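Each chain, written out:
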Amino acid sequence: MNVSLNKIGKVTDFIISIFLNLVTPPIYSREILKAFYQIGWMSLPVLGLTALFTGGALALQIYAGGSRFNAEQVVPAIVAIGMARELGPVLGGLIVAARVASSIAAEIGTMKVTEQLDALTTLSTNPIKYLVVPRVLAATLSLPALIAIGDSIGILGGYLVGINRLDFSSSTYLASTASMLQISDIFSGIIKGVFFGFIIALSGCFNGFYASNGAEGVGKATKSAVVAACVFILATNYILTEAFFNS
Amino acid sequence: MIEIKNIHKTFAKQKVLDGVNMFVDQGSSTALIGTSGGGKSVILKILLGLIEPDEGEVFIDNVKVSHRDPGRTLSRIGMLFQGSALFDSLPVWQNICFKFLKGTEKLSGKDAKELAIQNLEKVGLNYKVANKFPADLSGGMKKRVALARAIVGNPKIILFDEPTTGLDPIMTNTINSLIREIVETMDVTTLTITHDISSVQQISDNVALLDSGRIRWEGKSKELKGSKDPYVFQFINGKHNGPINVN
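Residues numbered from 1 in each chain as written. Chains lettered and ligands numbered in written order. Predicted model: local features only at pLDDT ≥ 70, side-chain atom pairs only at ≥ 80, totals over all residues. Heavy atoms only, no water.

Undergrad: What exactly am I supposed to notice about the environment of A:Ile128 here?
TA: Residues and elements named next belong to chain A. You can see Ile128 is positioned in helix H6 (residues 127-164). Owing to a relative accessible area of 9%, Ile128 belongs among the buried residues under this scheme. Taking the C-alpha atoms as reference, Ile128 lies 6.6 Å from Ile18; in sequence the two are 110 residues apart. (Helix = DSSP H or I, 4+ residues; strand = E, 2+ residues; numbered from the N terminus. Buried < 20%, exposed > 50% of the residue type's maximum accessible area, 1.4 Å probe, protein only.)

Undergrad: Quick question: what am I supposed to make of the pairing of strand E3 (residues 29-34) of chain B here?
TA: Moving residue by residue along a regular strand, the side chains alternate between the two faces of the sheet. Residues and elements named next belong to chain B. With 6 of 6 residues buried, E3 lies mostly within the body of the structure. Both faces of E3 are covered, namely the face carrying Ser29, Ala31 and Ile33 and the face carrying Thr30, Leu32 and Gly34. Where E3 and strand E8 (residues 189-193) come together, 4 bridges link them in parallel fashion. Across the sheet, the residue bridging to Ser29 is Thr190, located in E8. Of the strand pairs in this sheet, E3 and strand E9 (residues 206-211) are connected by 5 bridges, and their pairing is parallel. By the bridge assignment for E9, Ala31 is matched with Val207. (Pairing = 2+ DSSP bridges.)

Undergrad: Sorry if this is basic, but what is going on with the interface of chain A and chain B here?
TA: Interface size is commonly expressed as the accessible surface area that is lost when the partners come together. Chain A puts 15 residues into the contact, and the matching count from chain B is 19 residues. Contact between chain A and chain B buries roughly 1,600 Å² in total, counting both sides, with carbon and sulfur atoms accounting for 61%. Counting the contacts that link chain A with chain B gives 3 salt bridges. Where chain A meets chain B, there are 4 residue pairs in polar contact (both at pLDDT 80 or more). Examining the composition of the side of chain A that touches chain B, we find that 6 residues originate from one element, helix H5 (residues 116-122) of chain A, more than from any other. Residues belonging to the side of chain A that touches chain B are distributed by class as follows: 6 nonpolar, 6 polar and 3 charged. (Contact = heavy atoms within 4.5 Å. Buried area = accessible area lost by both parts, 1.4 Å probe. Salt bridge = Lys/Arg side-chain N within 4 Å of Asp/Glu carboxyl O. Polar contact = N/O pair within 3.5 Å; in protein donor to acceptor, adjacent residues only side chain to side chain. Nonpolar A, V, L, I, M, F, W, Y, C, P; charged D, E, K, R; others polar.)

Undergrad: Even after reading the chapter, I still don't get the sheet that holds strand E10 (residues 214-220) of chain B, so can you show me in this structure?
TA: All names here are of chain B. Spatially, the 6 strands line up as an open sheet ordered E6-E7-E8-E3-E9-E10, and their pairing is mixed. Each edge of the open sheet is held by one strand with a lone partner, namely strand E6 (77-80) and E10. The average undirected angle you get between the axes of adjacent strands in this sheet is 15 degrees. Examined bridge by bridge, E6 and strand E7 (residues 157-161) share 4 bridges and lie parallel to one another. Looking at the pairing, Met79 lines up with Leu159 of E7. Taken strand by strand, helix H6 (residues 139-151) contacts E6 and E7, and its axis lies near 170 degrees from that of E6. The sheet strands contacting helix H9 (residues 230-237) are E3, E9 and E10, and the helix crosses E9 at an angle near 90 degrees. (Axes fitted to C-alpha atoms, helices over the stretch in contact; angles between N-to-C directions.)

Undergrad: Any chance you could explain the packing of helix H4 (residues 75-113) of chain A against helix H8 (residues 183-209) of chain A here in plain terms?
TA: The description of two packed helices rests on the angle between their axes and on the distance between the axes. All names here are of chain A. Remark: H4 packs on H8, axes separated minimally by 7 Å, with the N-to-C direction vectors making an angle of 15 degrees. With respect to their mutual orientation, H4 and H8 come out roughly parallel. Relative to H8, H4 is oriented so that their crossing is right-handed. A per-class count over the contact of H4 with H8 returns 17 nonpolar, 6 polar and 5 charged. (Parallel < 35°, antiparallel > 145°, perpendicular 65-115°, else oblique. Left-handed = near helix turned anticlockwise from the far one by under 90°.)

Undergrad: What is the right way to look at the environment of B:Thr165 in this model?
TA: All names here are of chain B. Positionally, Thr165 belongs in the loop between E7 and helix H7 (169-186). For the pair formed by Thr165 and Lys143, sequence separation is 22 residues and the distance between their alpha carbons is 9.7 Å. When sequence neighbours within four positions are dropped, the list of residues in contact with Thr165 reads Gln82 and Lys143.

Undergrad: Just checking my understanding: could you explain the confidence of the model for chain B for this structure?
TA: Low pLDDT means the predicted coordinates in that region are not meant to be read closely. Residues and elements named next belong to chain B. For chain B, per-residue confidence averages 90 on the pLDDT scale, and 100% of positions sit at 70 or higher. No element of chain B has a lower mean pLDDT than helix H2 (residues 71-74), which averages 77, and none a higher one than helix H3 (residues 92-96), which averages 96. Here the complex is predicted with pTM 0.89, and the ipTM for its interfaces comes to 0.89. (pLDDT = per-residue confidence, 0-100.)

Undergrad: Looking at this model, I keep getting lost on the environment of B:Ile236. Mind explaining?
TA: Residues and elements named next belong to chain B. Within the secondary structure layout, Ile236 lies in helix H9. Each C-alpha atom of the pair Ile236 and Lys225 lies 7.4 Å from the other, and the pair is 11 residues apart in sequence. Dropping the residues within four chain positions of it, Ile236 is found in contact with Ile197, Leu224 and Lys225.

Undergrad: So what exactly am I meant to see when it comes to the pairing of strand E4 (residues 55-60) of chain B here?
TA: All names here are of chain B. In terms of strand pairing, strand E1 (residues 2-11) meets E4 through 5 bridges, oriented antiparallel. Following the sheet pairing, His8 is matched in E4 by Glu55. With 2 bridges joining them, E4 and strand E5 (residues 63-64) adopt antiparallel strand pairing. Note on E5: the bridge partner recorded for Ile60 is Val63. What sits between E4 and E5 in their antiparallel hairpin is a turn of 2 residues, with Asp61 showing a positive phi close to 45 degrees.

Undergrad: In this structure, what is going on with the nonpolar core? I would like to understand it.
TA: Soluble globular proteins tend to pack their nonpolar side chains together in the buried interior. Grouped together as the largest cluster of nonpolar side chains are 77 residues, with contacts concentrated most on B:Leu47 and B:Leu159. No other element matches H6(A), which puts 11 residues into this core. Residues in contact with B:Leu159, not counting those within four places in the same chain, are B:Ile2, B:Leu44, B:Leu47, B:Leu48, B:Ile77, B:Gly78, B:Met79, B:Leu80 and B:Leu191. Listed in part, the 34 residues of the second largest apolar core include B:Trp93, B:Cys97, B:Ala148 and B:Val188. (Core = buried A, V, L, I, M, F, W, Y, C linked by side-chain atoms within 4.5 Å.)

Undergrad: Which parts of the structure should I look at to understand a nonpolar patch on the surface?
TA: All names here are of chain A. On the surface, a cluster of nonpolar side chains totalling about 530 Å² of accessible area is made up of Ile183, Phe187, Ile191, Val194, Phe195 and Phe244. Tallying contributions element by element places H8 first for the nonpolar patch, with 5 residues. As for its position among the elements, Ile191 is in helix H8. For Ile191, a relative accessible area of 36% gives the class partly exposed. (Patch = residues over 30% accessible without salt bridge, like charges linked within 9 Å, V, L, I, M, F, W, Y side chains within 5 Å. Areas by Shrake-Rupley, 256 points an atom, 1.4 Å probe, with all protein chains shown as cover.)

Spelled out as C-alpha cells, the structure:
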C-alpha cells in the first residue's frame, strides 16, 4: 500500500514538474523538433501498415458477420465508424506505445544509470526540461495527427478489400462511407489521441527517469513503460468512450 | 572552498552518512577514501545538490548548496563522473561545451567548438577527436574528454569521482598527471574520491578517510603510508581485520 502511494506521489510530482517546465524558459526547440521527427514521423510506416491491414480484415469480418442477416451493405459504414471511433485510436495508441514508450524508457533509463542525467544537472541543464518536455509535447501533439492518418488508411484498407474481394462498386462504397461517418466520430478518436500521446510519453519518461541497477534496471523500466502505457491507454479509452457516446 | 557541516543521510533505513564534517580550503586538493558503498559518492552528490541531506548543511565558497536551486553553486563546479557520463548522442565538442550550448551561458557553435578544441589540447587530445562520438573513443579517451568537460569555463572547484577506475596503469598515470597539472595551473579547489592509494599521493595534498558514515582520519597525503591510525592501517594494507567493517 505504502509502495503504491509512494509511486502515485512520484508520478504526480513528475506531472506537475512537466507542466511547470513546459511554461517556463528556456525552450529547447531543436530537441522538440527532433522528438516530433522520432515520435511522429518515424511512427508513420508501422502505424500505416497496421491500419491498412486492420481496415481490410475488418471489412472481411463485417461482411462475413453481416451476411448472416443479409446486411452486407453495412460494411463501408461500420469499417469507417469502427476505425474512427475505436480501432484507429486504440491500435494506433498501442502500436505507438510499443514503439515509443519503450525507446524513451530505454534511452532515458540508460542515461540515468550511466549518470548522464546527473551530468545534465551539473551542466546547468534541467533534465525534465531538456529530455521530458520535448518528448511529452511531441507525443501529445503528434498522436492525434497519426490517428487521423491511421483512420484514413484503415478506411482505405476496407475500401480496397470491399471493391476487390467483396464486389462493392467504388461509388457505392464511398457514398456509404461518406453518408454514415459523422464529424463527431472522427473528433472523438483525435481527442483520444491527445490523451494517449501524453500517457505514452509520460510512461516512457517516468520509468526511464526512475530506472536503477544497470542493464537489468533499464530492461525492467522499458517493460514497465510499455505495460503501463498499454493498460492506461485501454482504461482511458473506455472512460473517454463512456464520456463521448453515453452522456 | 568547501565546507560540509554535520551531514546525515539515510537510504531505505540504512544510515549512509552519520554526521560528516569536512573542510576543503581554497586552492587545496583533498582525496576522500573509504570502502565501496561507504557513502563517498553520496557526499559528492550532496555537494552538487543532486541529493538532499536529511540533516546538515554544505557551503561552496560560503554559498549554501540548495537541493531546490542547485544552479546557484553549480556554476562554480566542474565534475568528472566515474563512468565519464558523456552524452552518447552528441559529438565530443558538443559534450565538452554543453553548458555553453544548452545551459545558461550561451556561445555560438563556432566559438564553442574552438573552446572545445582548446580544452581537448589541455588534456592531450588533438582536434580530430572533436567530431567523434563517445562510442568511438577508448575508456582513457572518454576520461580525458570528461576531464576537458569538467575544466571548461574555468570552474573554481572540481570534483573527481574515481577518475582512474577501470584504466590500465599507464593511462591511470596519464590521467593523474593531467589532474595534477590542471590543479596547479588553474589554481582550483579539488575533492577526489578514489580507492587508489598511489593516485591519492599523486593528485592530492590532503586525505580524509570515510567509514560507516563518518570521517575517521584526516591528514596530509604524505603522512598516509606512515600513519599508525588503525583505520588508515587497515585500509591501505587491505587487511580484513580491524575497525573497518568490511562485511
